[in-house]
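# Summary of structural features
One letter stands for each residue in the lines below.
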Amino acid sequence: MAITQQDIDRFVGYAHRVGDAGLTICSSGNLSVRHGDEVLISGTGSWVPDLTPDRVAVCRLATGEVLNGVKPSMESVFHMGVMRERPEVGCVLHFQSPYATIVACQKERPANFNFTAECPIHVGREIPMVPYFRPGSPELAEHVVAAMKDHDSIMLLKHGQVVCGADFKQAFERAMFFEMACRIAVINGSNVDPLTAAEIADLDTYILGKITK
């Protein structure tokens, strides 16, 4: 699938939406979107909130080869690694939103983030905690890909967060609800009352019923 200028312009719009939502500031975070056998990725050192078309890298998914001369984000290895492992994933977003990043830097973190129905439904009932590795390192990429084989959202300790989705809309939704759950955790501290296993099971039953109707 040949990537068009319209695809790149749409990708830039996604990046600006991420910035407008406060999920990234300045040069923090990176974004990728799959287009068939190719991937659009924010360029290395680029500012996602102010991304311009000339700072968008086009890469071959299978090999990571850069096709347009723009060097991709240093985290592009795990972006493409997740997409290779999971063909259904069309978007990967690495972000550092305020409250979620506070949680990532805490010594003591919540046992789970299922404070409202949105978290187990959209973010994931379990959020893997990836130990700190230097940003851009092979070790970080390896652990991110491994953690996201069967999870859609993960926390990078002392760093940030990564979510994926079938498309940008789903990944963005997961990031926003992830941030919401962390905001609840930070503001309320220990005064939180997560959903019980029975309440989550009831949600599963309800959603399955909606799908099969």
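Before reading further, recall that the structure is shown in the block above.
These lines cover the structure that appears in this document, whether it is placed above or below.

## Quick notes on the environment of A147
Tracing the sequence through the fold places A147 in helix α5 (residues 138-147). Judged by relative accessible area, which is 14%, A147 ranks as buried. For the pair A147 and P128, spaced 19 residues apart in the sequence, the C-alpha separation amounts to 6.6 Å. With residues up to four places along the chain from it excluded, the contact list for A147 reads P128, V130 and I154.

## A few points about the environment of L93
Here L93 is to be found in strand β4 (residues 91-95). Along the primary structure L93 and C164 are separated by 71 residues, whereas in three dimensions their C-alpha atoms are 6.2 Å apart. For L93, the contacting residues outside a window of four places in its chain are V18, L23, N30, L31, Q161, V162, V163 and A175.

## Examining the sheet that holds strand β3 (residues 56-60)
Here we have seven strands laid out as an open sheet, ordered β3-β2-β1-β4-β7-β6-β5, and mixed in their pairing. Looking along the sheet, the strands with just one partner apiece sit at the ends: β3 and β5 (129-130). Pairing of strand β2 (residues 38-42) with β3, which is carried by five bridges, proceeds in the antiparallel orientation. Across the sheet, the residue bridging to L40 is V58, located in β3. Contacting β1 (30-35), β2, β3 and β4, helix α1 (residues 5-20) runs over the sheet at an angle of about 145° to β1.

## Comments concerning the pattern of salt bridges
Within the structure shown, the criterion is met by six salt bridges. With its nearest N and O atoms 2.8 Å apart, the salt bridge here joins R86 to E88. Using a relative accessible area of 11% as the deciding quantity, one classes R86 as buried. Under the relative-accessibility criterion, E88 is labelled partly exposed at 47%. Residue D152 is joined to R174 by a salt bridge in which the shortest nitrogen-to-oxygen separation is 3.2 Å. Of this pair, D152 sits in the loop between α5 and β6 (153-156) while R174 sits in helix α6 (residues 168-188); the two residues are 22 residues apart in sequence, bridging distant segments of the chain.

## Concerning the packing of aromatic side chains
Applying the stated rule across the entire model yields four aromatic pairs. A centroid spacing of 6.2 Å and a plane angle of 70° characterise the contact between F113 and F178, whose relative ring orientation is edge-to-face. Remark: F178 occurs in helix α6 and F113 occurs in the loop between α3 (98-104) and α4 (118-123); sequence separation between them is 65 residues. We classify F178 as buried; its relative accessible area is 0%. Members of the aromatic cluster, connected to one another through ring pairs, are Y14, F168 and F172.

Cut-offs applied
- Residues numbered from 1 in each chain as written.
- Predicted model: local features only at pLDDT ≥ 70, side-chain atom pairs only at ≥ 80, totals over all residues.
- Heavy atoms only, no water.
- Helix = DSSP H or I, 4+ residues; strand = E, 2+ residues; numbered from the N terminus.
- Buried < 20%, exposed > 50% of the residue type's maximum accessible area, 1.4 Å probe, protein only.
- Contact = heavy atoms within 4.5 Å.
- Pairing = 2+ DSSP bridges.
- Axes fitted to C-alpha atoms, helices over the stretch in contact; angles between N-to-C directions.
- Salt bridge = Lys/Arg side-chain N within 4 Å of Asp/Glu carboxyl O.
- Phe/Tyr/Trp six-rings, centres within 6.5 Å; stacked < 30°, edge-to-face > 60°.

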